[in-house]
Amino acid sequence: MENICYFRPKWVGSPVTNNEKTTPKVNERRGKNSKKKGEVDPVEVYCRVRPLDNPNDSCCVKPLSTTVVQLIPPENSLAVARNGQIKEYQFTFQYIFDEYTSQKAVFDYVACPLVDDLIKGKNGLLFTYGITSSGKTYTMTGTPKDQGILPRCLDVLFNSISGVQAKKYVFKSDKMNGFEVQSEADAMIERQKRDIMPGITTPKTPTANRRGNFGDQERISDPTILTSVDDDNQYAVFVSYIEIYNNYVYDLLEELPYDPITGYKPPQTKILRTDSSDCMYVMNCVEVEITSPEEAFEVLFKGQKRRKVAHTALNAESSRSHSIFNIRLVQAPLDPRGEEVLQDPDKICVSQLSLVDLAGSERTHRTKNAGDRLKEAGNINQSLMALRNCIEILRENQKNNSNKMVPYRDSKLTHLFKNYFDGEGKVRMVVCVNPKGEEFDETIVRFLI
Ligand code: ADP
Ligand code: MG
């Protein structure tokens, strides 16, 4: 027993309270604004263990149950005591997905309830966390044939609002993080105008994509339909795509400044603002209205291309940036005749689901950073550290019913999600783990610090 180290993990797995334990129910209707004063949405931390690349590789991770995982250091690990005794570490999570868990199961359990919340007018925030090559991007994006969380969220959202989708441009941004309603006639004029002169804000959907493609490949979409839509409402979907790199915020959907001689210039940094309802947002960030998952993928790919170009211009490395894909759902009731969306700003409800593929959580020396890279790695670790601190304090507050200040101002990443740390909206994190023995030290260091 002595050489087994039982951890109440600092942040990845505090004890599960009763109200957190309930299995997510897809169609449970909890009306808007039904939250009691002082009631906060729970933070839930899940673990996903990816398969080994080579089944003969040594493995340092063993799920013991659906909530407890054991990490066993390989002999050459720093964690092996001088006398050669091997310590075993155990961590508790909300739920542990082993290497056999499908993309669909992870989505159904972790993300689908957040789509349901989105439709019910509530906010959600989902992170994938882990060292490079632990499966963060696989879990978030996946492949066309085996889609990850992000494309499935879009599929399920559009499956569900089909039939109650507002015509394009009926909902219009007020440029201050809010929306207004314009008449069907004005929306039609705008549609005609923008169809003739398409710009960045109106991604053209090539016909091939309408058949359900994901880039160049055919994709298998998620068939789930949620029944939480309100048939008296009309719905519109807007997406934005941002990146936080070196503690600076960039808009991945903004045209990059181009110089015919020197090529693309580094992108401009963006600032965070608070709107009239005290919600954080990225000022002057491009937000695109989309009417299908395929249109959203167009936007996503455009952003990913930009990201590559911008990283070259900035001499940056992808694994060191956080990428954030925001889905905003705007809904408002129809007028009493059931013909047009009611032009009453007080009746508009906006909810948001932010999907965050975090930077690799490895230590700096591993990637042999030098000079600027060190600074950049420092910032990344700092922002991940800030995120961890915030989540830890938020959980502590929930557990003890305390009101300790969550230090969200410590980084742009946490500042952007201030509202969640104030307890508005569910926060979920999938900690991705590569079970390869060699990765033990990097994995454990991120669990323990
Ligand atoms: P990260 O984004 O954390 O750096 P990736 O998501 O790119 O890591 O995963 C690294 C590699 O492992 C990719 O080739 C990916 O396809 C594969 N992979 C990750 N998780 C899984 C999984 N659960 N099942 C199958 N392959 C996976
Ligand atoms: Mg990745």
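Placed above this text is the structure.
Residues numbered from 1 in each chain as written. Chains lettered and ligands numbered in written order. Predicted model: local features only at pLDDT ≥ 70, side-chain atom pairs only at ≥ 80, totals over all residues. Heavy atoms only, no water.

*Asks:* Provide a residue-level description of the environment of Pro-151, including the pertinent values.
*Replies:* Within the secondary structure, Pro-151 sits in helix α4 (residues 149–161). Given the relative accessible area of 1%, Pro-151 is considered buried. C-alpha of Pro-151 to C-alpha of Glu-294: the two residues are 143 residues apart in sequence and 9.2 Å apart in space. (Helix = DSSP H or I, 4+ residues; strand = E, 2+ residues; numbered from the N terminus. Buried < 20%, exposed > 50% of the residue type's maximum accessible area, 1.4 Å probe, protein only.)

*Asks:* How would you explain the site of ligand 1 if you had to name every residue and give the values?
*Replies:* Surrounding ligand 1, one finds Arg-48, Arg-50, Pro-51, Ile-131, Thr-132, Ser-133, Ser-134, Gly-135, Lys-136, Thr-137 and Tyr-138. A distance of 3.2 Å separates an oxygen atom of ligand 1 from a polar side-chain atom of Arg-50. Thr-137 is positioned with one of its side-chain polar atoms (N or O) 2.8 Å from an oxygen atom of ligand 1. When isolated, ligand 1 has an accessible area of 560 Å², and the protein chains bury 67% of it. Per element, the largest residue contribution to the shell around ligand 1 is three residues, and it comes from helix α3 (residues 136–140). For the shell around ligand 1, the class distribution of residues is three nonpolar, five polar and three charged. (Near = heavy atom within 4 Å. Polar contact = N/O pair within 3.5 Å; in protein donor to acceptor, adjacent residues only side chain to side chain. Areas by Shrake-Rupley, 256 points an atom, 1.4 Å probe, with all protein chains shown as cover. Nonpolar A, V, L, I, M, F, W, Y, C, P; charged D, E, K, R; others polar.)

*Asks:* Break down the packing of helix α2 (residues 103–119) against α4 for me, citing the residues and quoting the values.
*Replies:* Each packed pair of helices is defined by two parameters, the angle between the axes and the distance between the axes. Interaxial distance between α2 and α4 falls to 9 Å at its minimum, and their mutual angle equals 50°. Regarding the angle of α2 to α4, the classification is oblique. Crossing hand, α2 versus α4: right-handed. For the pair formed by α2 and α4, the contact residues are Gln-103, Lys-104, Val-106, Phe-107, Ala-111, Cys-112, Val-115, Leu-118 and Ile-119 on the first element and Ile-149, Arg-152, Cys-153, Val-156, Leu-157 and Ser-160 on the second. Looking at the contact of α2 with α4 residue by residue, the classes come out as eleven nonpolar, two polar and two charged. (Axes fitted to C-alpha atoms, helices over the stretch in contact; angles between N-to-C directions. Parallel < 35°, antiparallel > 145°, perpendicular 65-115°, else oblique. Left-handed = near helix turned anticlockwise from the far one by under 90°. Contact = heavy atoms within 4.5 Å.)

Nothing here speaks to function; it is geometry throughout.
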